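Topology and contacts: notes
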Amino acid sequence: MKVQIDKQLKESCNVSLGCIFYKTNVIKTNKELWNYIEKEIISKIQKTFTLENLTEQINIKASREAYKILGKEPSRYRVSSEALIRRILQGKGLYKINNVVDTNNLISIETGYSVGSYDLENLQGSINFRIGTEGEKYQGIGKEMINIEKLPVFAEAYGSPTSDSTRAMITEKSKEIVTVLISFNGTERLEKSVDIAMKYLTKYANAEIINSIIV
């Protein structure tokens, strides 16, 4: 499957995508994953960040700046990495969905990149990362309708760095998946983060990696 970044978005922001294609059997939960999150990751986040300094994390900061360039308020439409870490800092904990989505969130928390995972069976043709058009909306997962005008979005998957839609969401029926790390500050740190992501997906999501690319 071809993944591309729309010219207008590319010219507006320093956008790059790290894409991992793989096969897996999705299960409801992975105890080893949650043991790692609860014993290692949460304490690490609490020692590293506060609600006041979180927006200075390099990848979150770049994402927020990109939103401002596109005309979207980053404190209202928070990128998912920021939103997840804020939940931890506020003592709200993380949602438990399934081993792929939970690993997706771990990658996002660890790297500061927004990360989306999509069921390839529900996508057709190429995946185009573009700017949301006037009046464009979609049903967010577990949320109300999201106004995606001026947001960077995956057109076919109807996913964004803020929230994904139900169109290609991961369920226990999903078999072939693409996980995408979204960078708004180029590829320098992205390549290492893709390696981390593949390690986590293999270990906690039973991923059989097919391919990985940087776009």
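This text gives an overview of the structure that appears in the document. (Residues numbered from 1 in each chain as written. Predicted model: local features only at pLDDT ≥ 70, side-chain atom pairs only at ≥ 80, totals over all residues. Heavy atoms only, no water.)

1. Points about the nonpolar core
Within the largest apolar cluster, 33 residues are counted, with the highest numbers of intra-cluster contacts made by Ile-20, Ile-109 and Leu-181. Contributions of two or more residues to this core are made by strand 2 (16-23), helix 2 (31-48), helix 4 (80-89), helix 5 (99-111), strand 8 (176-183) and helix 6 (190-204). Ranked by residue count, the leading element in this core is helix 6, at seven residues. Those residues in contact with Leu-181, other than ones at most four positions away along the chain, are Ser-16, Leu-17, Gly-18, Ile-20, Ile-107, Tyr-113, Ser-114, Val-115, Leu-190, Ser-193, Val-194 and Ala-197. In this structure, Val-3, Val-15, Tyr-118 and Val-180 belong to the second largest nonpolar core, which totals 23 residues. (Core = buried A, V, L, I, M, F, W, Y, C linked by side-chain atoms within 4.5 Å. Buried < 20%, exposed > 50% of the residue type's maximum accessible area, 1.4 Å probe, protein only. Helix = DSSP H or I, 4+ residues; strand = E, 2+ residues; numbered from the N terminus. Contact = heavy atoms within 4.5 Å.)

2. Here's the deal with the sheet that holds strand 2
Here four strands make up an open sheet; going across it, the order is 3-8-2-9 and the pairing antiparallel. Two strands lie at the open edges of the sheet, namely strand 3 (114-119) and strand 9 (208-214), each paired on one side alone. Pairwise comparison of adjacent strand axes, ignoring direction, gives a mean angle of 20° for this sheet. Here six bridges tie strand 2 to strand 9, and the two strands are oriented antiparallel to one another. Considered in strand 9, the bridge of Phe-21 is made with Asn-211. Packed on one face of the sheet, helix 6 meets strand 2, strand 8 and strand 9 and runs near 20° to strand 2. (Pairing = 2+ DSSP bridges. Axes fitted to C-alpha atoms, helices over the stretch in contact; angles between N-to-C directions.)

3. Digging into the pairing of strand 2
With seven of eight residues buried, strand 2 is to be regarded as a mostly interior element. With eight bridges joining them, strand 2 and strand 8 adopt antiparallel strand pairing. Within the sheet, the bridge partner assigned to Tyr-22 lies in strand 8 and is Ile-177.

4. Digging into helix 3 (residues 58-70)
Given a rise of 1.5 Å per residue, 13 residues ought to cover 18 Å, and the 19 Å separating the end C-alpha atoms of helix 3 matches this to within 8%. The set of residues buried in helix 3 consists of Asn-59, Ile-60, Ala-62, Ser-63, Arg-64, Ala-66, Tyr-67 and Leu-70. On its buried face, helix 3 is in contact with helix 1 (7-12), helix 4, helix 5, strand 4 (127-131) and strand 7 (152-154). If you check the start of helix 3, you find a side-chain oxygen 2.8 Å away from the backbone N of Asn-59, and it comes from Gln-57. Directly beyond the C-terminal end of helix 3, a positive phi value near 95° is found at Gly-71. (Expected span 1.5 Å × (residues − 1). Polar contact = N/O pair within 3.5 Å; in protein donor to acceptor, adjacent residues only side chain to side chain.)

Read these as spatial facts, not as claims about activity.
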